[in-house]
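Chain by chain, the residues:
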Amino acid sequence: MRILKAVKEMQLYARKLKHEAKSIALVPTMGALHEGHLSLLRKARIDGDVLIISIYVNPTQFGPGEDYRRYPRDFDRDIKLATKAGVDIIFAPEDGEVYPDGFKTSVRVAELEERLCGASRRGHFQGVCTVVAKLFNIIRPDYAYFGQKDAQQAQIIKKMVADLNMGVGIVVLPTVRDKDGLALSSRNSYLNPTERQAGLVLYKSLQLARELICAGERQAETIKQQMQDLIRVEELAQLEYVSVCEPDNMTELAAIQPDTLIALAVRIGKTRLIDNLLLGEL
Ligand code: AMP
């Protein structure tokens, strides 16, 4: 296992791999690795000749007042977990490497970036797209792996890759949860035990939606209303949005269809959590 910190070094290495006709599987992360990240690494390990993880807390995807500074970082632990998962290369660039002085370019996926999480996190997906486009250009992976937990992010990346003919196979893998249903997230470490308990309301509301749909409910408004009512009962929870939408373009649906995404964002104290349910997973 090698750790590369310089863009040039990573580019040269990736070029050498291409020359040797080795396929590259890339898992982009912001570190603080958990079982969700490891599930992506396991699949990527099977698919690619060479497994690369990028670990980079990307400043441009955090808005003013968001948690960039206190975002959890534990590089030593990440190295151990990545090694155990069979990673060949950790690409962990410094800020100056990714955004050198005078950096001017950004990548945006119009409309999609404004919906759901984009409405409250202005510029977030622009930051994500720009850094992922850079990672793809530096590493030239054959496949890249993303989690369904960040459904909108995965969809936006797919669109960017298609629109810009990037030629990277995007693989989206299911959300990994704790035993009680809480979706794993690096941000869960912000939660105290009471908040963690309150955070279960996201999963519970998705379970409620699932039950309603299984019982025959098809009206999106009714499902959203019931989810909101359940979330309102949880004192620590502040609902940001609940959406019943079309999973490709994230536009709101009036009625449930076989391929429907139910997504929500909720603040528990100062911590913003997201989760979703993709029908078809039912
Ligand atoms: P992050 O480090 O939070 O930027 O996440 C890196 C990748 O891991 C993204 O593609 C996420 O969607 C994915 N990921 C994060 N949490 C989970 C989870 N609980 N289950 C599956 N994938 C996840």
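Since this is a predicted model, take the numbers as computed values, not measurements.

A. Spotlight on the overall build of the protein. When you go through the protein residue by residue, the secondary structure sums to 9 helices and 9 strands. By the compact-globule yardstick of 19 Å for 282 residues, the protein fits well, its C-alpha radius of gyration being 19 Å. Burial statistics for the protein: of 282 residues in total, 53% are counted as buried. For the protein, the computed accessible surface area is about 13600 Å², with 50% contributed by carbon and sulfur atoms. A distance of 4 Å separates the average location of the 38 positive side-chain charges in the protein from that of its 37 negative side-chain charges.

B. Layout of the side chain of Arg-272. Its place among the elements puts Arg-272 in strand S9 (residues 271-278). Here Glu-240 takes part through its side chain, which lies 2.9 Å from a polar atom of the side chain of Arg-272. If near-sequence neighbours (up to four positions away) are discounted, Arg-272 is found in contact with Cys-117, Ser-120, Arg-121, Arg-187, Glu-240, Tyr-241, Ala-265, Val-266 and Arg-267.

C. Broad picture of the pairing of strand S8 (residues 261-268). By the criterion of burial, S8 is predominantly enclosed, with 7 of the 8 residues buried. Relative to S8, strand S7 (residues 237-245) runs antiparallel, the two sharing 8 bridges. Counterpart to Val-244 in the pairing with S8 is Ile-262. One ladder, built from 8 bridges, connects S8 with S9; its direction is antiparallel. The partner of Arg-267 across the bridge, within S9, is Arg-272. Between S8 and the antiparallel strand that follows it, S9, lie 2 residues; Gly-269 among them carries a positive phi value of about 65 degrees.

D. Seen up close, the sheet that holds S9. On the basis of which strands lie adjacent, the open sheet formed by 3 strands has the order S7-S8-S9 and antiparallel pairing. Looking at strand neighbours, the two that pair on one side only are S7 and S9, the edges of this open sheet. Averaged over all pairs of adjacent strands, the angle between strand axes in this sheet comes to 15 degrees, irrespective of strand direction. In the packing of helix H8 (residues 193-214) onto the sheet, contacts are made with S7, S8 and S9, and the angle to S8 comes to roughly 160 degrees.

E. Quick look at the sheet that holds strand S4 (residues 89-91). Strand order in the open sheet made by the 6 strands is S1-S4-S3-S2-S5-S6, with parallel pairing throughout. Two strands close off the open sheet at either side, each with one partner strand: strand S1 (2-4) and strand S6 (169-173). Adjacent strand axes in the sheet meet at a mean angle of 25 degrees when their direction is disregarded. Pairing analysis gives 5 bridges linking strand S5 (residues 143-147) to S6, with the strands arranged parallel. Residue pairing in the sheet places Tyr-145 in a bridge with Val-171 of S6.

F. Representation of the site of the ligand. Close to the ligand lie 17 residues, the nearest being Met-30, His-37, Asp-150, Val-176 and Leu-184. Within the side chain of His-37, an N or O atom sits 2.9 Å from an oxygen atom of the ligand. Between the ligand and Leu-184 there is a distance of 2.9 Å, counted from a nitrogen atom to a backbone nitrogen or oxygen. Here the ligand, which alone exposes 480 Å², has 93% of that area covered by the protein. Secondary-structure elements contributing two or more residues to the shell around the ligand are strand S2 (24-29), helix H2 (35-47) and S5. Per element, the largest residue contribution to the shell around the ligand is 3 residues, and it comes from H2. A per-class count over the shell around the ligand returns 8 nonpolar, 7 polar and 2 charged.

G. Examining H8 more closely. Here H8 contains 22 residues, and its C-alpha end-to-end distance of 32 Å stays within 8% of the 32 Å for a straight helix at 1.5 Å per residue. Along its length, H8 shows its largest kink, about 25 degrees, at Tyr-203. Buried residues of H8: Glu-195, Ala-198, Gly-199, Leu-200, Val-201, Leu-202, Ser-205, Leu-206, Leu-208, Ala-209, Leu-212 and Ile-213, and no others. A distance of 3.0 Å separates the backbone nitrogen of Thr-194 from a side-chain oxygen at the start of H8, and that oxygen is part of Asn-192. Positive backbone phi, at 110 degrees, marks Gly-216, one or two positions downstream of H8.

H. The arrangement of the packing of H8 against helix H9 (residues 220-233) in detail. For the pair H8 and H9, the least separation of the axes is 9 Å and the interaxial angle reads 145 degrees. Between H8 and H9 lies a crossing of right-handed hand. Across from Val-201, Lys-204, Ser-205, Leu-206, Leu-208, Ala-209, Leu-212 and Ile-213 in H8, the residues of H9 making contact are Ile-223, Gln-226, Met-227, Leu-230 and Ile-231.

I. A look at the packing of aromatic side chains. Within the structure shown, the criterion is met by 3 aromatic pairs. A ring pair is formed by Phe-62 and Tyr-71, whose centres lie 5.7 Å apart and whose planes are at 75 degrees; its orientation type is edge-to-face. By relative accessible area, which is 10% here, Phe-62 ends up buried. Among the residues examined, Tyr-71 registers a relative accessible area of 7% and is labelled buried. These aromatic residues form a ring-pair network of at least three members: Phe-62, Tyr-68 and Tyr-71. Here Arg-70 stacks its cationic end above the ring of Tyr-190, 4.0 Å away from the centre of that ring. Positioned above the aromatic ring of Tyr-68, the side-chain terminus of Arg-73 is 5.0 Å from the ring centre.

What counts, and where the lines are drawn
Residues numbered from 1 in each chain as written. Predicted model: local features only at pLDDT ≥ 70, side-chain atom pairs only at ≥ 80, totals over all residues. Heavy atoms only, no water. Helix = DSSP H or I, 4+ residues; strand = E, 2+ residues; numbered from the N terminus. Rg over C-alpha atoms; globule rule 2.2 N^0.38 Å. Buried < 20%, exposed > 50% of the residue type's maximum accessible area, 1.4 Å probe, protein only. Areas by Shrake-Rupley, 256 points an atom, 1.4 Å probe, with all protein chains shown as cover. Lys, Arg positive; Asp, Glu negative; His and termini not counted. Charge placed at Lys NZ, Arg CZ, Asp CG, Glu CD. Polar contact = N/O pair within 3.5 Å; in protein donor to acceptor, adjacent residues only side chain to side chain. Contact = heavy atoms within 4.5 Å. Pairing = 2+ DSSP bridges. Axes fitted to C-alpha atoms, helices over the stretch in contact; angles between N-to-C directions. Near = heavy atom within 4 Å. Nonpolar A, V, L, I, M, F, W, Y, C, P; charged D, E, K, R; others polar. Expected span 1.5 Å × (residues − 1). Bend = angle between axes of the 7 residues up to and from the residue. Left-handed = near helix turned anticlockwise from the far one by under 90°. Phe/Tyr/Trp six-rings, centres within 6.5 Å; stacked < 30°, edge-to-face > 60°. Lys NZ or Arg CZ within 6 Å of the ring centre and 35° of its normal.

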